[in-house]
Amino acid sequence: MTRISRRSLLKTGAAASVLAATGMPLMAAPKSGGRLRAGLSGANTSDSWDGRTHSDLFMIASAQGTVFDSLTEVGPDGSLRGELAESWEASADAKIWTFNLRKGVKFHNGKDFGADDVIESLNMHVAEGAKSAAKPIVSAISEMKKITDHQVQFTLEAGNADFPYLMSDYHILMYPAGMIEEAIAKGIGTGLYAVQAFEPGVRMVAKRVDDHYKGDSAGFFDEVEYIAINDSTARMNALLTGQVDAINRIDFKTEALLKANPNTRVQEVTGNQHYTFPMLSKTAPFNDVNVRRALKYGLNRQEMVDKILLGHGQVGNDTPIGPANQYYAGDMEQLSYDPDKAKFYMKEAGLTSLDIDLSASNAAFEGAVDAAQLYQASAKGAGININVVQEPADGYWSNVWLKKPWCACYWSGRATEDWMFSTAYEAGAPWNDSQWDDARFQELLISARAELDSGKRREQYREMQEILRTDGSVIVPMFANYVQALSNKVATPDTVGNLWQMDNARMAERWWMA
Amino acid sequence: MASILKIIAQRLALGALTMFVVSVVIFTAVNLLPGDFAQAILGQGATPEAVDAIRRDLGLDQPPITRYLDWLAGALQGDLGNSFAQANFAAFVGSDAGSGLSSVAGQIAPRFENTIFLAGVTALFAVPVSLTLGILAALYRNSIFDRATNILTLSSISSPEFFLAYILILFLAVMNPILPSLSNIYEGMGFGERFTKTLLPALTLTLVVTAHMMRMTRAAIINLLASPYIEMAQLKGISPLRIIVKHALPNALAPIINVVALNLAYLITGVVVVEVVFVYPGIGQLFVDSVKIRDIPVVQACCLIFAGAYILLNLTADVLSILSNPRLRHPK
């Protein structure tokens, strides 16, 4: 039950140094050995070791979390650190990036890792006909140059201060040059564990590599086994009967059972995963900022967190930037349910009552229809009559999202502010689901992108979050926690990553047998 | 003998005709499913261009008749086509990447083997148990034993499979950890371990199929017990057990074989829920996963296999009941 925000992290960081000074042990030191068995959802019979296709936990945990490495890595505390890259530096306009690669790294088949591997692994994403999810990231690189065997230089089309962050994306894995097809077929990476067995949609077994470059600082298990269990009840049974040591995504309704069992514990973190109700801001009545403001105050966010997420989440403030983001403005004034304010803005808009349709389906997120009905009930108090339109789950993303003036939607969030904004809030972006086009916002977005001074960026991103909070066209009622359960046989560090489920999918690397 | 061969040939031809009709039904039904593969796999990222590109890649833009004929022609040559999901991903590397999974047949074969193993283990328990129970129930009919067996088997067949599965998990895995609740068998697993892991799903299925077989055995035998030749045997003073086993059972075999075959077919086609509950990597789970992502070739192939299993086992039942009945063997 550790809820980690950047602020509480700073606090624990401070506490840690005090404890260290007094010589008290902070936690049991990790010890090596044992076999981690995890029951994970998100597995498919179509899974493969091709990073370009990865989209759900099972393969992300198997590939980036176990068998493969990326250039950079987001640590459990949200800070960026090198994985296969040792260090990097940028030109003043953040356009040219030079990465120094780690020396003495070997692939599981014995091949040495170097600059050629980086270039070829990145080029996979922009190859002819490739349908990579990381294509927008890699296609922003106009030139890749090998300087020495262990130094690569990237020239970007436009300055991007987040470039090293983007290199930690789970699609961008490092494969051995010249044998990428073989590496995809067999799973040959530089990760802490080498593949022993892999049956798509069934299981993955990997064994700790001797003499790994990460040494004794990570990868404490002798062996890890990931078992594909897509059914949430079966996953919970497997944990309760001791067949597995950890499971992801627990069913909130059965949480009490897990808590009652003395051998298991529930772990949850608030990340960037959020549920939204985007309004098309160029369509009436949402083109009127006062209508949008009335809707922001006509919603009881806390009730939604309590009833839809059963408390496993945090209220949203109408920005997509969450606690796992670097420049999250968590101290902004929180929007809350206020029928009087909503009525006031209705009057400003020249309306006494408003009838609008809200399209929802559980394809958007689990409980979306219920959430829409809660919204309907709370908005009534402000004279807003929401008509909940239940849409079919099939084809929801093609026929409803981006098309209906107001609907339910979800985002898993992005590691960086710029990535999130440029995906869904930049003018003209294909997934800009609120037709958001605000001159000041757009200006800030462009200037913050190439800003290397972290203090200035923080101010810019804060202003952007404030714009979205007061005038924005997306209602973000809540951030949903990542909730997972563990057997007491497994120990984890105090700080667990909140960018993805299961310690950023890196449990094989960071956890150990107690 | 010649007449039997003729009967078998007739039945086989009828079976082939049924298969053809079934293939039309499957194809139509699967294509009537709402939503399509491109939209399912792209999810939130389903832009019209991306959907069109994938549909074109997979030939989904062709008219249904053309697609049906292509599929039928392939299926007749044992080529069930390529899994959509795999075809889509093979396109990333330009080739199959050596996983051998892109063909539907390659994907189904290991799963089907697992399902057959589960069906085999279940049959190993279910058939002897239900026959014995049926015979005993006929022998002690209307006794407490008969009633108890009836109530037990009927209530287990009336409960949904997943409910039985969870009850068994509760008693045999959670409260008394005797058997594993997770049946994640894999290739290269030792037979002993494989067998242990298969036990819980097999027990669940046993509970589901026992009632039908046991009741049929009981009914068939009781039916015969009223015949004059049994009365004769009784008058001769032969013991009731001997009458049933030696005189009644052989004549009751035909209906019993029929119901056993039907239930064996059920073990192959009806395992979907049980496999999902126990995470058993059989064809049922593959079927569910494929429906979820609208992987039409795999769904069609699974349906075809289910239909084939039913037809084949029914055929076997027919032939066996003819062989077990002299009157049918020598038609006058």
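Worth saying up front: this structure is predicted, and the values here are computed from it rather than measured.

**Some remarks on the overall build of chain A**
Move 1: A tally of helices and strands in chain A yields 18 helices and 19 strands.
Move 2: Taking 514 residues into account, the globule formula puts the C-alpha radius of gyration at 24 Å, and chain A, at 23 Å, falls close to it.
Move 3: Dimensions of chain A, computed from C-alpha atoms along their principal axes, come out at roughly 70 × 55 × 55 Å.
Move 4: Residues classed as buried in chain A amount to 52% of the 514 residues present.

**Side note on the confidence of the model for chain B**
Residue and element names in this part refer to chain B.
Move 1: When pLDDT is averaged across chain B, the result is 83; 89% of the residues are at 70 or more.
Move 2: Confidence scores differ between elements of chain B, with helix 5 (residues 84-93) showing the lowest mean pLDDT of 51 and helix 7 (residues 144-158) the highest of 92.
Move 3: Across residues 89-101, where pLDDT falls below 50, the model places 32 contacts with residues more than four positions away in sequence or in other chains.
Move 4: With a pTM of 0.85, the predicted complex shows an ipTM of 0.80.

**Description of the nonpolar core**
Generally speaking, a soluble globular protein has its nonpolar side chains buried in company with each other.
Residues and elements named next belong to chain A.
Move 1: Core analysis: the largest hydrophobic core is formed by 162 residues, its most contacted members being L40, A61 and I247.
Move 2: Two domains each donate at least three residues to this core, and these are domain 1 (1-68 + 191-263 + 488-514) and domain 2 (77-178).
Move 3: If we ignore the near neighbours within four places in the chain, the residues touching I247 are A38, G39, R235, M236, A238, L239, Q484 and A485.
Move 4: Counting 47 residues, the second-largest nonpolar core is a separate cluster that includes Y297, V305, M346 and L374.

**With respect to the environment of D79 of chain B**
Move 1: The topology assignment puts D79 of chain B in the loop between helix 4 (64-76) and helix 5.
Move 2: When the C-alpha positions of D79 of chain B and A301 of chain B are compared, they lie 9.9 Å apart, and in sequence the two are 222 residues distant.

**Side note on unusual backbone geometry**
Residues and elements named next belong to chain A.
Move 1: Cis geometry marks the peptide bond from A284 to P285, where omega comes out at 0°.
Move 2: Mapped onto the elements of the fold, P285 is located in the loop between strand 12 (264-278) and helix 9 (289-297).
Move 3: The phi dihedral of D503 is positive, around 55°, even though this residue is not glycine.
Move 4: Within the secondary structure, D503 sits in helix 17 (residues 501-505).

**A word on the domain arrangement of chain A**
Move 1: With domains assigned, chain A is organised as domain 1 (1-68 + 191-263 + 488-514), domain 2 (77-178) and domain 3 (272-481).
Move 2: For domain 1 of chain A versus domain 3 of chain A, the distance between C-alpha centres works out to 32 Å.

Rules and cut-offs
Residues numbered from 1 in each chain as written. Chains lettered and ligands numbered in written order. Predicted model: local features only at pLDDT ≥ 70, side-chain atom pairs only at ≥ 80, totals over all residues. Helix = DSSP H or I, 4+ residues; strand = E, 2+ residues; numbered from the N terminus. Rg over C-alpha atoms; globule rule 2.2 N^0.38 Å. Buried ≥ 20, exposed ≤ 12 C-beta atoms within 10 Å, placed from the backbone. pLDDT = per-residue confidence, 0-100. Contact = placed C-beta atoms within 7 Å. Core = buried A, V, L, I, M, F, W, Y, C linked by C-beta atoms within 7 Å. Domains from an automatic or database assignment.

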